[in-house]
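# Coordinates in review
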Amino acid sequence: MEVLAKSADRNLLLELEGELDHHAAKDAICQIERAIDAALPKKLVLDMERVTFMDSSGIALILRARQKMDLLDGCLLVTNVPGQARRVLDAAGIGRLVTIR
């Protein structure tokens, strides 16, 4: 799992690429937390367009990002979720907790 960060004007875009499973999630969560701590964004966008597979570990990653953004009084947007990952998120009802587009 690769996490690419782009930051401007207190907006942080994190592009996720690869498989988001229990092997990759811990490192990806650490990368995301470091990027948030460095940018202190008001808006975080998680772009999942290049995620090739996601299990329930992806749910933990998204909820951790939301928790970090809540501490900053910021917002989280999850975008470009591929079909397989979207089914995982929908089954867990994550759309009630975060904005998914």
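Everything below is about the structure shown above.
A short tour of the structure in this document, coming up. (Residues numbered from 1 in each chain as written. Predicted model: local features only at pLDDT ≥ 70, side-chain atom pairs only at ≥ 80, totals over all residues. Heavy atoms only, no water.)

### Topic: the pattern of salt bridges
- Under the defined criterion, the tally for this structure stands at six salt bridges.
- Glu-17 serves as the salt-bridge partner of Arg-50, at 3.6 Å between the closest nitrogen and oxygen. On the criterion of sequence distance, the pair formed by Arg-50 in strand β3 (residues 43-54) and Glu-17 in strand β2 (residues 11-20) is long-range, its members being 33 residues apart.
- On the basis of relative accessible area, Glu-17 is assigned to the partly exposed category, the value being 31%.
- Its salt-bridge partner being Arg-66, residue Asp-70 comes within 4.0 Å of it at the nearest N-O pair. A residue pair is termed a helical-turn pair when its members lie 3 or 4 positions apart in one helix, as Asp-70 and Arg-66 do in helix α2 (residues 57-71) at four residues. (Salt bridge = Lys/Arg side-chain N within 4 Å of Asp/Glu carboxyl O. Helix = DSSP H or I, 4+ residues; strand = E, 2+ residues; numbered from the N terminus. Buried < 20%, exposed > 50% of the residue type's maximum accessible area, 1.4 Å probe, protein only.)

### Observations concerning the nonpolar core
- If you look at the biggest cluster of nonpolar residues, it comprises 30 residues, and the most contacted ones within it are Ile-32, Leu-44, Leu-46, Met-48, Leu-61, Ile-62 and Val-78.
- Secondary-structure elements contributing two or more residues to this core are β2, α1 (22-39), β3, α2, β4 (75-79) and α3 (83-92).
- Of all the elements, α1 adds the most residues to this core, at six residues.
- The contacts of Ile-32, once residues within four sequence positions are left out, are Val-3, Leu-14, Leu-16, Leu-46, Leu-61 and Ala-65. (Core = buried A, V, L, I, M, F, W, Y, C linked by side-chain atoms within 4.5 Å. Contact = heavy atoms within 4.5 Å.)

### A look at α1
- For α1, which comprises 18 residues, the first-to-last C-alpha distance of 26 Å matches the rise-based estimate of 26 Å (1.5 Å per residue) to within 8%.
- Among all positions in α1, only Ala-24, Ala-25, Ala-28, Ile-29, Gln-31, Ile-32, Glu-33, Ala-35 and Ile-36 are buried.
- The elements touched by buried residues of α1 are β1 (2-8), β2, β3 and α2.
- At the N-terminal boundary of α1, the capping side chain belongs to Asp-21, with an oxygen 3.1 Å from the backbone nitrogen of His-23.
- Just beyond α1, the residue with positive phi is Leu-40, at close to 45 degrees. (Expected span 1.5 Å × (residues − 1). Polar contact = N/O pair within 3.5 Å; in protein donor to acceptor, adjacent residues only side chain to side chain.)

### Describing the sheet that holds strand β5 (residues 99-100)
- Read across the open sheet, the five strands follow the order β1-β2-β3-β4-β5; overall the sheet is mixed. Every other strand in the sheet has two partners, leaving β1 and β5 as the edge strands with one partner each.
- With nine bridges connecting them, β2 and β3 associate as parallel partners. What sits directly across from Leu-14, in β3, is Leu-46.
- Against the sheet, α2 engages β2, β3 and β4, with an angle of about 175 degrees to β3.
- Relative to the sheet, α3 contacts β3 and β5, its axis offset from that of β3 by approximately 115 degrees. (Pairing = 2+ DSSP bridges. Axes fitted to C-alpha atoms, helices over the stretch in contact; angles between N-to-C directions.)

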